[in-house]
Number of protein chains: 2
Amino acid sequence: MNKRMGKQTVRLAEPVIIRGVASTVGETEGEGPLGGYFDCVVRDPLYGEDTWEQAESRFVQENMRLAVKKAGCSMQNMDYVLCGDLLNQCVGTTFGIKDFNVPFFGLFGACSTMGEAMSLGAMLIDGGYATNVLAGASSHFCSAEKQFRFPLPLGIQRTPVASRTVTGDGAVVLSRNGKGPVITEITTGKIVDMGVTDVNNMGAAMAPAAAALIAAHLRDTERTLQDYDVIVTGDLGDTGRTLSATLLEKEGFPMDERYKDCGLLIYDNERQDTHMGGSGCACSAVTFCGYYYPKLVSGEIKRMLFVPTGALLSTTSVQQNQPIPGIAHGIVIENMKR
Amino acid sequence: MNKRMGKQTVRLAEPVIIRGVASTVGETEGEGPLGGYFDCVVRDPLYGEDTWEQAESRFVQENMRLAVKKAGCSMQNMDYVLCGDLLNQCVGTTFGIKDFNVPFFGLFGACSTMGEAMSLGAMLIDGGYATNVLAGASSHFCSAEKQFRFPLPLGIQRTPVASRTVTGDGAVVLSRNGKGPVITEITTGKIVDMGVTDVNNMGAAMAPAAAALIAAHLRDTERTLQDYDVIVTGDLGDTGRTLSATLLEKEGFPMDERYKDCGLLIYDNERQDTHMGGSGCACSAVTFCGYYYPKLVSGEIKRMLFVPTGALLSTTSVQQNQPIPGIAHGIVIENMKR
């Protein structure tokens, strides 16, 4: 059966159920506007571990186990685990899931990783290869600052267009069985390189990819913004959201208040001095799992386009004056109760 | 339809055709025993670029384009590209494929990445989501030494159990249509951590995962070694192959000369002083594409179990005294002509 709806979009033969979710975040996220929505707020940034990297792995491990438990499953029922993170060679993920004893596909999509994990996980179930898939993504403010920017104790002042990496892990249990909102369509992103080189302005680097993905999705499905209760990008932040909305308007897809960005929802810049907003793989992952999933369950949201966004760079590529290409992946999630 | 054959293995409903392949390698690989089998040997390790990382991206770009051409396709026909590499944040891949304009899933499975790419690619086609998928993996001796070990100009002496990262890129075009050997079954690996900590002995770190994958595959399919013309691991090298064969014998699956390792095939240690053998994502990728694919086409090999192997570490995890977990992915490739 051909399930393709256009160059970048596929429609699943059977909707895949998001049977359960979990979100675990750090203290700053817990104190933000969405603080009350998360399953778990861990005040110790080291989460009882010795290093930031091991702390990130602990977030992965505890939160993915919680997602499985909340879905009413056991780890043994998981046919695959799909996840990734921002650290070199994805060690946050490796050391988080290494004892799960579940077949594993490691992903790297920078901050778009949750989109990759949910896309591939849903296709593995709908394709007949799995009954249950555990999918997730993580990031940690301290491990990310250490790796990509400056050691935290230096107290380097951040530029006005900087964002703050979200500490946490978001995870979903996708299933052929059970109850919950469903994944119905998947639009897979292409890399978009507009030559942006400002390593502090991730929103600008990712905005063209986000706009291209949303436009491709609306073209492939022959829909408009009005067909969605909400379109949510991952971590564009203030500048990035404005840029992508401008690009979308030029493409003939004007956005309105239904277009949201997880990076703008998760912090209160006035109070928390987070500048452009949140970023990191966990930004979209925890915002989806904590904030949006319950709205999909209740039916407050009937149809959502979830668009995790990623900036594909390393410190090496930046030092070598390479541009910062972006990517975004789109997933349609619906409440199908009638 | 449930396509599962056991906890880790799935059988495709329709075999997926490997319609074309390409392999591009560096000078040392070109001078090795398999030198005559590769499509392209690039004598300049910089491949005309300014940095090792950009050279790796050039290998990716040129070789993936070549695979598409050799398959008689155009890049526009590719529904997805799936690939990855060893560099921080997979920049070898990003800057190699960024201009392909094809929906992209980035993967990180260390040196097992070719196994991930072929597994997921085949399932995307068999599941009805794609007609053609471009899958590949790359590594580069110089970018890997710089990132994981020592700057090359220091001339650091390598330990006797060290392996040499293969420079190159291997890529396959998977398709619903056309002619060629086919992928029939996929066994997906779990992370195996036996507490190995010697960063110079990757073979030992990966051997338990390789043995576990082969044993799981044979159990799931209720077959023995005798049902395969060849079982080929990715880059265990001399020590690693011996260790995994010992572990497999203990599990009740004695191996014989049909069990090969790409890391042992690609170099001539006597002549090239490569110690344990080849490693890196490209090791299994170019050996499969260059050496084994033609044997599958000709029918010299009727059924092969291809097992790319990966060591999941970063310099940070090693400096923090973490162990080196391993993973391996298995793909059954058959010549189905009768």
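A brief report on the enclosed structure follows. Predicted model only: the values in this text are computed from it and were never measured.

In this section: the overall build of chain A. Secondary structure assignment for chain A yields eleven helices and 15 strands. Here the C-alpha radius of gyration of chain A, 18 Å, is about what a compact globule of 338 residues would show, namely 20 Å. On the principal axes, the C-alpha backbone points of chain A span a range of 55 × 50 × 35 Å. Looking at chain A residue by residue over its 338 residues, the buried ones come to 68%. Put simply, 77% of the contacts in chain A that link residues at least 6 apart link residues at least 24 apart. Accessible surface, chain A: about 11200 Å² in total, of which carbon and sulfur atoms supply 48%. Side-chain charges in chain A split into 30 positive and 37 negative, and the spacing between the mean points of these groups amounts to 7 Å.

Residue and element names in this part refer to chain B. Summarising burial for strand 8 (residues 182–187): six of the six residues are buried, a large majority. As paired elements, strand 1 (residues 9–26) and strand 8 share five bridges and run antiparallel to each other. Each bridged residue has a counterpart across the sheet, and for V16 the counterpart in strand 8 is I183. In the sheet, strand 8 pairs with strand 15 (residues 330–334) via five bridges, with the strands oriented antiparallel. Bridge pairing in strand 15 places V182 opposite E334.

Enumeration over the complete set of coordinates arrives at twelve aromatic pairs over all chains. Their ring planes at 75° and their centres at 4.9 Å tell us that Y291 of chain A and Y292 of chain A sit as a pair that is edge-to-face. Residue Y291 of chain A is classed as buried on the basis of its relative accessible area, which comes to 17%. Every member of this aromatic cluster is reached through a ring pair, and the members are Y37, Y291 and Y292 of chain A. Between R303 of chain A and the ring centre of Y228 of chain A, over which it is positioned, the NZ or CZ distance is 5.6 Å. When the ring centre of F141 of chain B is taken as reference, the NZ or CZ atom of R164 of chain B above it lies at 3.8 Å.

Our next topic: the environment of K7 of chain B. Residue position: K7 of chain B is located in the segment before strand 1. Among the residues examined, K7 of chain B registers a relative accessible area of 33% and is labelled partly exposed. Along the backbone, K7 of chain B and R219 of chain B are 212 residues apart, and their C-alpha atoms lie at a distance of 9.7 Å. Of note is the side chain of K7 of chain B, whose polar atom sits 3.0 Å from the backbone oxygen of M78 of chain A.

Before going further, it helps to examine the relation of the copies chain B and chain A. Each copy superposes on the other: chain B lies on chain A with an RMSD of 0.0 Å after a rotation of 180° and an axial shift of 0.0 Å. Here the symmetry operator amounts to a two-fold rotation axis. Of all interface residues in chain B, 100% are interface residues in chain A too; the two copies therefore contact each other through one and the same surface.

On to the pairing of strand 3 (residues 80–84) of chain A, then. Residues and elements named next belong to chain A. Within strand 3, five of the five residues are buried, leaving the element largely enclosed by the surrounding structure. Residues Y80, L82 and G84 point to one face of strand 3 and V81 and C83 to the other, with burial holding for every one of them. Pairing of strand 3 with strand 5 (residues 132–139), which is carried by five bridges, proceeds in the parallel orientation. Bridging from a neighbouring strand, Y80 pairs with V133 of strand 5. Relative to strand 4 (residues 104–106), strand 3 is paired through three bridges, and the arrangement is parallel.

Moving on: unusual backbone geometry. Residues and elements named next belong to chain A. In this structure, N101 takes a positive phi of about 60° despite not being glycine. Within the element layout of this structure, N101 appears in the loop between helix 3 (91–97) and strand 4. Positive phi is not limited to glycine here, since H275 has a value of about 60°. Along the polypeptide, H275 turns up in the loop between helix 9 (269–272) and strand 11 (278–279).

Right, let's get into the pattern of salt bridges. For the structure on display, the rule yields 34 salt bridges over all chains. Across the pair E185 of chain B and R11 of chain B runs a salt bridge, and its minimum N-O distance is 2.4 Å. Residue E185 of chain B is found in strand 8, and its partner R11 of chain B is found in strand 1; the two are separated by 174 residues along the sequence. Of the residues examined, E185 of chain B reaches a relative accessible area of 0% and is grouped as buried. For the salt bridge of E27 of chain B with R43 of chain B, the shortest nitrogen-to-oxygen distance reads 3.7 Å. In this pair, E27 of chain B is assigned in helix 1 (residues 27–30) and R43 of chain B in the loop between strand 2 (40–42) and helix 2 (52–70), connecting sequence segments 16 residues apart. Judged by its relative accessible area of 34%, E27 of chain B falls in the partly exposed class. Overlapping salt bridges, with partners in common, bring together R11, E185 and R223 of chain A in one network.

A few words on the interface of chain B and chain A. Taken together, the contacts link 63 residues of chain B with 63 residues of chain A. Of the roughly 5400 Å² buried between chain B and chain A on both sides combined, carbon and sulfur atoms contribute 57%. It is Q89, F105 and Y129 of chain B in chain B that bury the most area against chain A; as a group they hold 15% of the surface buried on that side. Along the contact surface separating chain B from chain A lie four salt bridges.

Moving on: the nonpolar core. Nonpolar side chains in soluble globular proteins tend to be buried together. The biggest cluster of nonpolar side chains holds 160 residues, and the ones touching the most others in it are L134 and F288 of chain A together with L134 and F288 of chain B. For L134 of chain A, the contacting residues outside a window of four places in its chain are M64, A67, V68, M75, M78, Y80, V81, L82, F100, A171, V172 and V173 of chain A. Grouped together as the second largest cluster of nonpolar side chains are 27 residues, M202, I214, L248 and A328 of chain A included.

Before going further, it helps to spend a moment on a nonpolar patch on the surface. On the surface, a nonpolar cluster with roughly 300 Å² of combined accessible area is contributed by F150, L154 and I156 of chain A. For F150 of chain A, the location among the structural elements is in the loop between helix 5 (141–148) and strand 6 (164–165).

To continue, consider the side chain of S314 of chain B. Turning to its location among the elements, S314 of chain B is positioned in the loop between strand 13 (309–311) and helix 11 (315–319). The exposure class assigned to S314 of chain B is buried, which follows from its relative accessible area of 1%.

Tallied over the full model, the rule gives zero disulfides over all chains. C262 of chain A supplies the cysteine sulfur nearest to C289 of chain A, a cysteine that is in no disulfide, at a spacing of 10 Å. Since its relative accessible area comes to 3%, C289 of chain A is described here as buried. With no disulfide partner, C262 of chain B has as its closest neighbouring cysteine sulfur the one in C283 of chain B, 5.5 Å distant.

What counts and how
- Residues numbered from 1 in each chain as written.
- Chains lettered and ligands numbered in written order.
- Predicted model: local features only at pLDDT ≥ 70, side-chain atom pairs only at ≥ 80, totals over all residues.
- Heavy atoms only, no water.
- Helix = DSSP H or I, 4+ residues; strand = E, 2+ residues; numbered from the N terminus.
- Rg over C-alpha atoms; globule rule 2.2 N^0.38 Å.
- Buried < 20%, exposed > 50% of the residue type's maximum accessible area, 1.4 Å probe, protein only.
- Contact = heavy atoms within 4.5 Å.
- Areas by Shrake-Rupley, 256 points an atom, 1.4 Å probe, with all protein chains shown as cover.
- Lys, Arg positive; Asp, Glu negative; His and termini not counted.
- Charge placed at Lys NZ, Arg CZ, Asp CG, Glu CD.
- Pairing = 2+ DSSP bridges.
- Phe/Tyr/Trp six-rings, centres within 6.5 Å; stacked < 30°, edge-to-face > 60°.
- Lys NZ or Arg CZ within 6 Å of the ring centre and 35° of its normal.
- Polar contact = N/O pair within 3.5 Å; in protein donor to acceptor, adjacent residues only side chain to side chain.
- Least-squares fit on C-alpha atoms with pLDDT ≥ 70 in both.
- Salt bridge = Lys/Arg side-chain N within 4 Å of Asp/Glu carboxyl O.
- Buried area = accessible area lost by both parts, 1.4 Å probe.
- Core = buried A, V, L, I, M, F, W, Y, C linked by side-chain atoms within 4.5 Å.
- Patch = residues over 30% accessible without salt bridge, like charges linked within 9 Å, V, L, I, M, F, W, Y side chains within 5 Å.
- Disulfide = S-S within 2.5 Å.

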